[in-house]
Amino acid sequence: MTALSINLNKVALIRNSREGNYPDVVEFARLCIDHGADGITVHPRPDQRHIRPDDVRRLADLVKSNPRSGAAPELEFNIEGNPFAPALGSYPGFIELVEETMPDQCTLVPDGDDQLTSDHGFDLTSSGEALKPIIEKLHSLGMRVSLFMDPDLKQIELAKAVGADRIELYTGPYAAAWGSDQLDAIFQQHLQAAELSTSLGMGVNAGHDLNLHNLGKFATIPNLLEVSIGHAFTVDSLTMGMPQAVQRYKALLV
Ligand code: PXP
């Protein structure tokens, strides 16, 4: 069964458009969990454009309190972001925030401050050596480490070499190809990358631009452990209500 981790960035974005704390991302997370989400994902950035450091702290407390412990002891908190992001104002730095809040999984992403959203995986030929000690440090703290990757087989091998436990396949191009004659070729690339990752002993996650149309096909990839979904999930919550949105996504993840 593929786990559904709900990314709360867009909920925070709505909150940030006004003073105050409405909607409260922690209350939204609690409802997602109540309705069947398997995990919560956040992507704190130095510019605090959506999730803020205090959100991360409060969400970490919520997930650790395991609000439905009997039903889902595997409830998971995933923090994703650029491991090299330094402190900026009240943002303590990515690794510092991760150390403080101790998520179950840390997904490292090569995003820049000027990017609207993550739009590529790591090039480990250039950044692998710098990532190794960071991955070791996160391991020593007991976290699972996932690397955001394109479906490039050489790069997947390097992910294993630098010590990743999982990869998160960047599904933006897959989603963009939906309905075009490129789709099958792009899907095959992801399938092969996932198979290679599994054969190397790394788990496979996926995320970006997944939605109710394209998720079902992607979820046929064997051993897909987790998807993290934010943008489309938030839009679907507006149109159909959040409980229904959770159920519709979960129904595609068998
Ligand atoms: N994975 C990563 C690394 C991301 O940066 C994002 C967007 O924050 C997602 C998954 C989720 O993408 P979406 O919001 O399009 O569902």
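Because the structure is a prediction, the values reported are computed rather than measured.

J.: What exactly am I supposed to notice about the site of the ligand here?
T.: Neighbouring the ligand are 15 residues, the closest being Ser 118, Glu 168, Asp 209, Gly 230 and His 231. Taking Gly 230, its main chain carries an N or O atom lying 2.8 Å from an oxygen atom of the ligand. Of the residues assigned to the shell around the ligand, the class counts are three nonpolar, nine polar and three charged.

J.: Honestly, the side chain of Ser 197 in this entry has me stumped. Any pointers?
T.: Structurally, Ser 197 can be placed in helix α8 (residues 183-199). Apart from residues no more than four positions distant in its own chain, Ser 197 is found in contact with Ile 156, Ile 167, Met 202, Gly 203 and Val 204.

J.: Explain the sheet that holds strand β8 (residues 224-229) to me, please; I cannot follow it from the model alone.
T.: Backbone-to-backbone hydrogen bonds pair the strands of a sheet. The strands run either parallel or antiparallel. Strand order in the closed barrel made by the eight strands is β1-β2-β3-β4-β5-β6-β7-β8, with parallel pairing throughout. Adjacent strand axes in the sheet meet at a mean angle of 25 degrees when their direction is disregarded. Pairing analysis gives four bridges linking strand β2 (residues 39-42) to strand β3 (residues 76-81), with the strands arranged parallel. Pairing of Ile 40 across the sheet is with Phe 77, part of β3.

J.: Explanation requested: the side chain of Arg 166 in the structure shown.
T.: Its location among the elements puts Arg 166 in strand β6 (residues 166-170). Of the side chains with opposite charge, Glu 226 comes closest to the buried, unpaired Arg 166, at an N-O distance of 4.0 Å. Excluding residues that lie within four positions of it along the chain, Arg 166 makes contacts with Gln 105, Arg 144, Val 145, Ser 146, Leu 147, Met 202, Gly 203, Asn 205, Leu 225 and Glu 226.

J.: Sorry, what's going on with the environment of Phe 94 here?
T.: Along the chain, the position of Phe 94 falls in helix α4 (residues 94-101). Between the C-alpha atom of Phe 94 and that of Gly 81, which follows or precedes it by 13 residues, the distance is 7.0 Å. Leave out the neighbours within four places in its chain, and Phe 94 touches Pro 44, Ile 79, Glu 80, Gly 81, Asn 82, Pro 83, Ala 85, Cys 106, Thr 107 and Leu 108.

J.: Can you walk me through the pattern of salt bridges in this structure?
T.: Close approach of charged atoms lets side chains of opposite charge pair. This structure, assessed with the given rule, holds 13 salt bridges. Between Asp 38 and Lys 250 there is a salt bridge whose closest N-O contact spans 2.9 Å. Taken together, the residues Asp 38 in the loop between α2 (25-34) and β2 and Lys 250 in helix α11 (residues 242-251) connect sequence positions 212 residues apart. Lys 154 serves as the salt-bridge partner of Glu 157, at 3.7 Å between the closest nitrogen and oxygen. Residue Glu 157 and its partner Lys 154 are both found in helix α6 (residues 153-161); the two are separated by three residues, about one turn of the helix. On the basis of relative accessibility, which here comes to 59%, the residue Lys 154 falls in the exposed class. The structure contains a network of salt bridges with shared partners spanning Asp 54, Arg 57 and Glu 100.

J.: Help me understand the nonpolar core, please; the structure alone is not making it clear to me.
T.: One broad trend across soluble globular proteins is that nonpolar side chains are buried collectively. In this structure, Ile 40, Leu 108, Leu 147 and Phe 233 are the most contacted members of the largest nonpolar core, which totals 75 residues. In terms of residues, this core owes the most to one element, α8, which gives seven residues. If sequence neighbours within four positions are ignored, Ile 40 has contacts with Ser 5, Ile 6, Leu 8, Ala 29, Cys 32, Ile 33, Leu 59, Val 63, Glu 76, Phe 77 and Asn 78.

Calculation notes
Residues numbered from 1 in each chain as written. Predicted model: local features only at pLDDT ≥ 70, side-chain atom pairs only at ≥ 80, totals over all residues. Heavy atoms only, no water. Near = heavy atom within 4 Å. Polar contact = N/O pair within 3.5 Å; in protein donor to acceptor, adjacent residues only side chain to side chain. Nonpolar A, V, L, I, M, F, W, Y, C, P; charged D, E, K, R; others polar. Helix = DSSP H or I, 4+ residues; strand = E, 2+ residues; numbered from the N terminus. Contact = heavy atoms within 4.5 Å. Pairing = 2+ DSSP bridges. Axes fitted to C-alpha atoms, helices over the stretch in contact; angles between N-to-C directions. Buried < 20%, exposed > 50% of the residue type's maximum accessible area, 1.4 Å probe, protein only. Lys, Arg positive; Asp, Glu negative; His and termini not counted. Salt bridge = Lys/Arg side-chain N within 4 Å of Asp/Glu carboxyl O. Core = buried A, V, L, I, M, F, W, Y, C linked by side-chain atoms within 4.5 Å.

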